[in-house]
Amino acid sequence: MVKTYSCVVCIMERVELSVPNAELRLLELLYHKIYKVRAVMEKYPPYQSIFAKMFCGESQMLDKAFYEEEVKRLCLAFEQQFHYGVFFAYMRLREQEIRNLMWISERVAQNQKTRVHDSVVFIF
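The shown structure was predicted, so the numbers you read here are calculated from the model rather than taken from an experiment.

**Q** Any chance you could explain helix α5 (residues 85-109) here in plain terms?
**A** For the α-helix, the turn length of 3.6 residues means that residues three or four positions removed from each other point alike. Helix length check: α5 (25 residues) gives 36 Å between terminal C-alpha atoms against 36 Å at 1.5 Å per residue, within 8%. Residues of α5 that are buried in the fold lie against α4 (62-76). Directly beyond the C-terminal end of α5, a positive phi value near 60° is found at Asn-111.

Here it is in structure tokens:
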């Protein structure tokens, strides 16, 4: 959280908020940051599919795409036998289930029931 906050502060220092198009400039800077991350991550084959989904029409959040990839890999841990990775995968899948429940409860509390399924990552 601190790292994200310091990054936002750094970006906001570059953009003078008194300028009429300050929000537009801020969005442009964030957009270029995403493209820099994409350029670095596309060198690795597992992440190419994530960024291909994001920029080819599916308006999906980056964190949800990474969570879906993680869930897919964790589910594969149950297909093998006699290893301790199953316990790690089980715990991580439980954490994802808790994240899903927190998201749903926040949407219901804020009376935004139409957005309940926006960020839910289906486990199985």
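**Q** Help me understand the pattern of salt bridges, please; the structure alone is not making it clear to me.
**A** It is possible for side chains of opposite charge to pair when their charged atoms get near one another. All told, the structure shown has 6 salt bridges when counted by the stated rule. Here Glu-95 makes a salt bridge to Arg-92, at a shortest N to O gap of 3.6 Å. With Glu-95 and Arg-92 both in helix α5 and 3 residues apart, this pair spans about one turn of that helix. When its relative accessible area of 26% is taken as the criterion, Arg-92 is described as partly exposed. Taking the shortest distance from any N to any O, the salt bridge between Arg-115 and Asp-118 comes out at 3.2 Å.

**Q** Explain the nonpolar core to me, please; I cannot follow it from the model alone.
**A** Soluble globular proteins tend to bury their nonpolar side chains together. In terms of nonpolar packing, the biggest core is built from 8 residues, these being Val-71, Leu-74, Cys-75, Ala-77, Ala-89, Leu-93, Val-121 and Ile-123. Among the secondary structure elements, those contributing two or more residues to this core are α4 and α5. If you tally residues by element for this core, the top one is α4, at 3 residues. Ignoring anything within four residues of it in the chain, the contact list for Leu-93 reads Val-71, Leu-74, Cys-75, Phe-78, Ile-123 and Phe-124.

**Q** Just checking my understanding: could you explain the packing of aromatic side chains for this structure?
**A** Think of a pair of aromatic rings as described by two things: how far the centres are apart, and how the planes are tilted against each other in angle. A complete count under the given rule lists 2 aromatic pairs for this structure. Taken together, a centroid distance of 5.8 Å and an interplanar angle of 55° make the contact between Tyr-47 and Phe-66 tilted. Placement of Tyr-47 in helix α3 (residues 45-55) and of Phe-66 in helix α4 is noted, with a sequence separation of 19 residues between them. For Tyr-47, a relative accessible area of 24% translates into the label partly exposed. The positively charged end of Arg-107 is found above the aromatic ring belonging to Trp-103, 4.0 Å away from the centroid.

**Q** Please clarify how the layout of surface pockets should be interpreted in this entry.
**A** Sizing a probe to match a water molecule and rolling it over the atoms shows the empty space that remains. Taken as a whole, the second largest pocket spans an internal volume of roughly 170 Å³. Every residue along the wall of the second largest pocket is listed here: Met-61, Asp-63, Tyr-67, Gln-96, Arg-99, Asn-100, Trp-103 and Ser-119. Of all elements in the fold, only α4 and α5 reach the threshold of two or more residues within the lining of the second largest pocket. Broken down by element, the lining of the second largest pocket gets its largest block of residues, 4 residues, from α5. Counted by class, the lining of the second largest pocket contains 3 nonpolar, 3 polar and 2 charged residues.

**Q** Hey, could you run me through unusual backbone geometry in this one?
**A** Glycine aside, negative phi is the norm for most residues, and most peptide bonds take the trans geometry. Positioned with a positive phi, Phe-82 is a non-glycine residue whose angle comes to about 60°. As for its position among the elements, Phe-82 is in the loop between α4 and α5. Its relative accessible area of 81% is what places Phe-82 among the exposed residues. A positive phi angle is found at Asn-111, which is not glycine, with a value near 60°. One can find Asn-111 in the segment after α5. Overall, the relative accessible area of 62% leaves Asn-111 in the exposed class.

Reading guide: rules and limits
- Residues numbered from 1 in each chain as written.
- Predicted model: local features only at pLDDT ≥ 70, side-chain atom pairs only at ≥ 80, totals over all residues.
- Heavy atoms only, no water.
- Helix = DSSP H or I, 4+ residues; strand = E, 2+ residues; numbered from the N terminus.
- Expected span 1.5 Å × (residues − 1).
- Contact = heavy atoms within 4.5 Å.
- Salt bridge = Lys/Arg side-chain N within 4 Å of Asp/Glu carboxyl O.
- Buried < 20%, exposed > 50% of the residue type's maximum accessible area, 1.4 Å probe, protein only.
- Core = buried A, V, L, I, M, F, W, Y, C linked by side-chain atoms within 4.5 Å.
- Phe/Tyr/Trp six-rings, centres within 6.5 Å; stacked < 30°, edge-to-face > 60°.
- Lys NZ or Arg CZ within 6 Å of the ring centre and 35° of its normal.
- 1 Å grid on protein atoms, 1.4 Å probe; cavity = no way out; pocket = protein on both sides within 12 Å on 5 of 7 lines; lining within 4 Å.
- Points joined across faces, edges and corners; volume = space filled by probe spheres on them.
- Nonpolar A, V, L, I, M, F, W, Y, C, P; charged D, E, K, R; others polar.

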